[in-house]
Amino acid sequence: MREVTAILLCGGKGERLKPFTDTLPKALVPLSGQPLLYHLLRYLSAEGISRVVVCVGYKAEAIEQFLSEHANPTLDITCVNSGDAGMLDRVLDAQKYVNGRFLICYGDTLANVDLKELQTQHLASGARATVTTYPLHSPFGIIQSDADNRAVVFAEKPVLPHFINIGFILCEAEVFTYLTRGSDMPTFLTSLIEAGGLYTYRHTGKHLTVNTEKERASAESELVEFFTYMDGQRI
């Protein structure tokens, strides 16, 4: 994976994580005594990534300071500050630091995706881009009824027959031509679908999001089990 550059999107304000984000950028919100960004970079390094472009905006100076004070010897990290920009504008601003294939990662999502397996499938399919998906888990209990409205099945927070986009989008360099300033991720992915160039990779391992305090606390409780590989060792 050393030929792949990871683009890590860490520019959002994290409004739903207040009061943490009153003083911290979302990427530095703590999980088990370390910032979320620390865990993201540790995962990428363990998966063989050596080049990372960290796209910053809100409280960018705090992220830049953290990276300068906690250098990872296995990673070549560049910060790109796009200010209050949209997600795709941040990716476009990172383009000049990318040479070849790249991986778009969300800065609020931890998932122990097997990047080597993702790349193997991506190359075999001939995809322009491969987006990592995850089964949709209902946050509610679901009741099924018969024709007489008699309840016949109750399932507590079941896994639904649908898949969600969790990032980890592996792209060929030509994908930059599908990006338009001021556009958004749904439009970008739709343009790739219409061109027949978007494929999916189904992840079934850990998927932790950090958008709210409830999600942050849940992710913290599962962090020990999160990593499939760490420092080259299966744990």
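Notes on the structure follow.

This brings us to unusual backbone geometry. Following Lys18, the chain continues to Pro19 via a peptide bond in cis, the omega torsion being 10°. Positive phi, normally seen in glycine, also occurs at Ser32, with a value near 50°. Structurally, Ser32 can be placed in the loop between strand 2 (30-31) and strand 3 (34-35). Look at Phe168: it is not a glycine, yet its phi comes out positive at around 45°. You can see Phe168 is positioned in the loop between strand 11 (159-165) and strand 12 (169-171). Judged by relative accessible area, Phe168 falls into the buried class, the value being 2%.

Here we come to the nonpolar core. Grouped together as the largest cluster of nonpolar side chains are 42 residues, with contacts concentrated most on Leu37, Leu44, Val52, Ile63, Leu103, Leu115 and Phe168. Within the residue set of this core, elements represented by two or more residues are strand 1 (5-10), helix 2 (36-46), strand 4 (51-56), helix 3 (60-69), strand 6 (102-106), strand 7 (109-111), helix 5 (115-125) and helix 7 (213-226). The element that contributes the greatest number of residues to this core is helix 2, accounting for 6 residues. Discounting chain neighbours no more than four positions away, the residues touching Leu115 are Met1, Tyr43, Leu44, Glu47, Ile49, Leu103 and Phe168. Core analysis: the second largest hydrophobic core is formed by 25 residues, Cys55, Val131, Leu179 and Leu198 among them.

Here we take up the pattern of salt bridges. Counting across every chain of the model gives 10 salt bridges. For Asp108, the salt bridge goes to Lys26, with nearest N and O atoms at 2.9 Å. Pair noted here: Asp108 is in the loop between strand 6 and strand 7 and Lys26 is in the loop between helix 1 (20-23) and strand 2, with a separation of 82 residues, a long-range link. On the basis of relative accessibility, which here comes to 18%, the residue Asp108 falls in the buried class. A salt bridge links Glu220 to Arg216; the nearest nitrogen and oxygen atoms lie 3.4 Å apart. Pair noted here: Glu220 and Arg216 are both in helix 7, with a separation of 4 residues, about one helical turn. Given a relative accessible area of 9%, Arg216 falls into the buried group.

Next up on the list: the side chain of His203. You can see His203 is positioned in the loop between strand 13 (198-202) and strand 14 (207-209). Overall, His203 belongs to the buried group, its relative accessible area being 4%. When neighbours within four sequence positions are excluded, His203 is seen to be in contact with Ala111, Asn112, Val113, Thr132, Thr133, Tyr134, Pro135 and Ile166.

In terms of strand pairing, strand 4 meets strand 5 (residues 76-81) through 6 bridges, oriented parallel. Directly across from Val56, in strand 5, lies its bridge partner Asn81. Tracing the backbone out of strand 4, into helix 3 and back to the parallel element strand 5 gives a crossover that is right-handed.

As for its placement among the helices and strands, Arg101 is situated in the loop between helix 4 (87-94) and strand 6. Polar side-chain contacts of Arg101 include one of 3.1 Å to the side chain of Gln119. Those residues in contact with Arg101 that lie beyond four places of it in its chain are Glu3, Val4, Thr5, Gln119, His122, Leu123, Leu170, Cys171 and Glu172.

Here we take up the packing of helix 2 against helix 3. When two helices pack together, their arrangement is captured by the angle between the axes and the distance separating the axes. Viewed as axis vectors pointing N to C, helix 2 and helix 3 meet at an angle of 50°, and their least axial separation amounts to 11 Å. Regarding the angle of helix 2 to helix 3, the classification is oblique. Read as a crossing pair, helix 2 and helix 3 show a hand that is right-handed. Of the residues in helix 3, those in contact with Leu37, Tyr38 and Leu41 of helix 2 are Ile63, Phe66 and Leu67. In the contact of helix 2 with helix 3, the residues fall into 6 nonpolar, no polar and no charged.

Our focus in this paragraph is the packing of aromatic side chains. Counting across every chain of the model gives 2 aromatic pairs. Ring plane angle 85° and centroid distance 5.9 Å describe the contact between Tyr43 and Phe168, whose orientation is recorded as edge-to-face. Taken as a pair, Tyr43 in helix 2 and Phe168 in the loop between strand 11 and strand 12 lie far apart in primary sequence, 125 residues in all. Their ring planes at 20° and their centres at 4.4 Å tell us that Phe102 and Phe176 sit as a pair that is stacked. Residue Phe102 is found in strand 6, and its partner Phe176 is found in the loop between strand 12 and helix 6 (185-194); the two are separated by 74 residues along the sequence. With respect to burial, Phe102 and Phe176 carry one shared label: buried.

Conventions adopted
- Residues numbered from 1 in each chain as written.
- Predicted model: local features only at pLDDT ≥ 70, side-chain atom pairs only at ≥ 80, totals over all residues.
- Heavy atoms only, no water.
- Helix = DSSP H or I, 4+ residues; strand = E, 2+ residues; numbered from the N terminus.
- Buried < 20%, exposed > 50% of the residue type's maximum accessible area, 1.4 Å probe, protein only.
- Core = buried A, V, L, I, M, F, W, Y, C linked by side-chain atoms within 4.5 Å.
- Contact = heavy atoms within 4.5 Å.
- Salt bridge = Lys/Arg side-chain N within 4 Å of Asp/Glu carboxyl O.
- Pairing = 2+ DSSP bridges.
- Right-handed = clockwise from strand over helix to strand, strands pointing away.
- Polar contact = N/O pair within 3.5 Å; in protein donor to acceptor, adjacent residues only side chain to side chain.
- Axes fitted to C-alpha atoms, helices over the stretch in contact; angles between N-to-C directions.
- Parallel < 35°, antiparallel > 145°, perpendicular 65-115°, else oblique.
- Left-handed = near helix turned anticlockwise from the far one by under 90°.
- Nonpolar A, V, L, I, M, F, W, Y, C, P; charged D, E, K, R; others polar.
- Phe/Tyr/Trp six-rings, centres within 6.5 Å; stacked < 30°, edge-to-face > 60°.

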